[in-house]
Amino acid sequence: MKLLRNNRGIAIVYVTLFLMVLGILFFALGVDIGWMVYVKAQGQKATDASALSGACAIPNANSTNTQTKVNEMATAFNSKNAVMNAAAGITSTNVELCDGNANANPPNCGAGVSADKAAGVKVTRTYNAPLFFTRFINGATSTNLTVSSTAWL
C-alpha cells in the first residue's frame, strides 16, 4: 500500500507524454511545410520554363499575332513540366506581355502593353496544394501557392 501512495517520479511521465505529443506535432508541421516547398519549387520551374519559352516567341512574331505566338509557346511544354504529378496547367490567361525597363520593380506587364512594344513575358500561376496533417489542427485541407516568373529578351 505504501508503494501506491508514492508520487516520486510522476513528473517524468508527464514530461515524456508532453514531449511525445509536441514531437508528433512538429513532425506533422514539417511534413506539410516540406510538401508546400516541394510544390512551390515544381511550380516555379514550370513558370520559369513557360516564361522563357514565351519570350523566345517575341522576335519571331509580328505585331498582329505576338500574343497568340507567345501563348502558344508558353503553354507548349505543360505536359513536360509536372506539378504534383500532373501537367503544369499554364493557360493563356496566366501569360502577360511586358514592356519597358527590365529592372523596373514591378515591371510594366499586363493588358495595357501593346504587342509591338513587347520585350518580355510574365507568367503567374496559382497551385492548390493539399495539406496532410494541418487539417487535424485547424481544419484547412489545402493552401494556395502562387508562383511568378518574368523573362526578358
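What counts as what
- Residues numbered from 1 in each chain as written.
- Predicted model: local features only at pLDDT ≥ 70, side-chain atom pairs only at ≥ 80, totals over all residues.
- Heavy atoms only, no water.
- Helix = DSSP H or I, 4+ residues; strand = E, 2+ residues; numbered from the N terminus.
- Contact = heavy atoms within 4.5 Å.
- Phe/Tyr/Trp six-rings, centres within 6.5 Å; stacked < 30°, edge-to-face > 60°.
- Buried < 20%, exposed > 50% of the residue type's maximum accessible area, 1.4 Å probe, protein only.
- 1 Å grid on protein atoms, 1.4 Å probe; cavity = no way out; pocket = protein on both sides within 12 Å on 5 of 7 lines; lining within 4 Å.
- Points joined across faces, edges and corners; volume = space filled by probe spheres on them.
- Nonpolar A, V, L, I, M, F, W, Y, C, P; charged D, E, K, R; others polar.
- Core = buried A, V, L, I, M, F, W, Y, C linked by side-chain atoms within 4.5 Å.
- Pairing = 2+ DSSP bridges.
- Axes fitted to C-alpha atoms, helices over the stretch in contact; angles between N-to-C directions.
- Left-handed = near helix turned anticlockwise from the far one by under 90°.
- Expected span 1.5 Å × (residues − 1).
- Patch = residues over 30% accessible without salt bridge, like charges linked within 9 Å, V, L, I, M, F, W, Y side chains within 5 Å.
- Areas by Shrake-Rupley, 256 points an atom, 1.4 Å probe, with all protein chains shown as cover.
- Salt bridge = Lys/Arg side-chain N within 4 Å of Asp/Glu carboxyl O.

A.B. asks: Can you help me understand the side chain of Asn71 in this one?
C.D. replies: Relative to the helices and strands, Asn71 resides in helix H2 (residues 66-75). Beyond its immediate sequence surroundings of up to four residues, Asn71 is in contact with Ser92 and Val95.

A.B. asks: For this particular structure, what's the right way to read the packing of aromatic side chains?
C.D. replies: Each pair of aromatic rings is reported with the distance of its centres and the angle of its planes. The final tally for this structure, using the stated rule, is 3 aromatic pairs. Residues Phe27 and Phe133 carry aromatic rings whose centres are separated by 6.4 Å and whose planes lie at 55° to one another, so their mutual orientation is tilted. Of this pair, Phe27 sits in helix H1 (residues 10-56) while Phe133 sits in the loop between strand E5 (120-130) and helix H3 (134-138), and the two are 106 residues apart along the sequence. The exposed category is assigned to Phe27, whose relative accessible area is 56%.

A.B. asks: Sorry if this is basic, but what is going on with empty space enclosed by the protein here?
C.D. replies: According to the stated counting rule, one finds 1 cavity of 30 Å³ or more in the structure shown. Roughly 30 Å³ of volume is contained in the largest cavity. Ala46, Ala49, Ser50, Ala74, Phe77, Asn78, Asn81, Ala88 and Ile90 are the residues that line the largest cavity. Per-element accounting of the lining of the largest cavity gives the leading share, 3 residues, to H1. For the lining of the largest cavity, the residue count by class is 6 nonpolar, 3 polar and no charged.

A.B. asks: Help me understand the nonpolar core, please; the structure alone is not making it clear to me.
C.D. replies: Across soluble globular proteins, nonpolar side chains show a tendency to be buried alongside one another. Grouped together as the largest cluster of nonpolar side chains are 22 residues, with contacts concentrated most on Val70, Ile90, Val95, Val121 and Tyr127. Apart from the residues within four sequence positions on either side, Ile90 is in contact with Ala46, Thr47, Ser50, Ala74, Thr75, Asn78, Val95, Val123, Arg125 and Tyr127.

A.B. asks: It is not clear to me how the sheet that holds E5 should be interpreted in this structure. Could you clarify?
C.D. replies: Strand pairing in a sheet relies on backbone hydrogen bonds, with the paired strands running either antiparallel or parallel. Pairing is antiparallel in the open sheet, where 4 strands are placed in the order E4-E3-E5-E6. The outermost strands of the open sheet, each flanked by one partner alone, are strand E4 (108-109) and strand E6 (142-152). Sheet analysis places strand E3 (residues 95-99) next to E4, joined by 2 bridges and oriented antiparallel. Following the sheet pairing, Cys98 is matched in E4 by Cys109. Contacts from H1 reach E5 and E6, with the element oriented near 30° to E6. With respect to the sheet, H2 is in contact with E3 and E5, its orientation differing from that of E3 by roughly 125°.

A.B. asks: Even after reading the chapter, I still don't get the packing of H1 against H2, so can you show me in this structure?
C.D. replies: Packed helix pairs are specified by the crossing angle of their axes together with the interaxial distance, meaning the distance between the axes. Here H1 crosses H2 at 145°, and the two axes come no closer than 7 Å. Crossing angle aside, the handedness with which H1 passes H2 is right-handed. Residues Ser50, Ser53 and Gly54 of H1 form the contact with H2, whose participating residues are Val70, Met73 and Ala74. Residues belonging to the contact of H1 with H2 are distributed by class as follows: 3 nonpolar, 3 polar and no charged.

A.B. asks: Could you clarify how one ought to interpret H1 in this entry?
C.D. replies: Think of an α-helix as turning once every 3.6 residues; residues three or four places apart then point the same way. Its 47 residues give H1 an end-to-end C-alpha distance of 69 Å, which sits within 8% of 69 Å, the value for a rise of 1.5 Å per residue. Listing the buried residues of H1 in full gives Ala28, Asp32, Val39, Gln42, Gly43, Ala46, Thr47, Ser50, Ala51, Ser53, Gly54 and Ala55. Residues of H1 that are buried in the fold lie against H2, strand E1 (82-83), E5, H3 and E6.

A.B. asks: Just to check I follow, could you spell out a nonpolar patch on the surface for this structure?
C.D. replies: On the surface, Val15, Phe18, Leu19, Leu22, Phe26, Leu29, Ile33 and Val37 cluster together to form a nonpolar patch covering roughly 750 Å² of accessible area. Inspection of the secondary structure assignment puts Val37 in helix H1. For Val37, a relative accessible area of 54% translates into the label exposed.

A.B. asks: I keep staring at the environment of Ala129 and nothing clicks. Help me out?
C.D. replies: With respect to the element layout, Ala129 can be found in strand E5. A C-alpha to C-alpha distance of 10 Å links Ala129 and Val37, two positions 92 residues apart in sequence. The contacts of Ala129, once residues within four sequence positions are left out, are Trp35, Val39, Met84, Ser142, Thr143 and Leu145.

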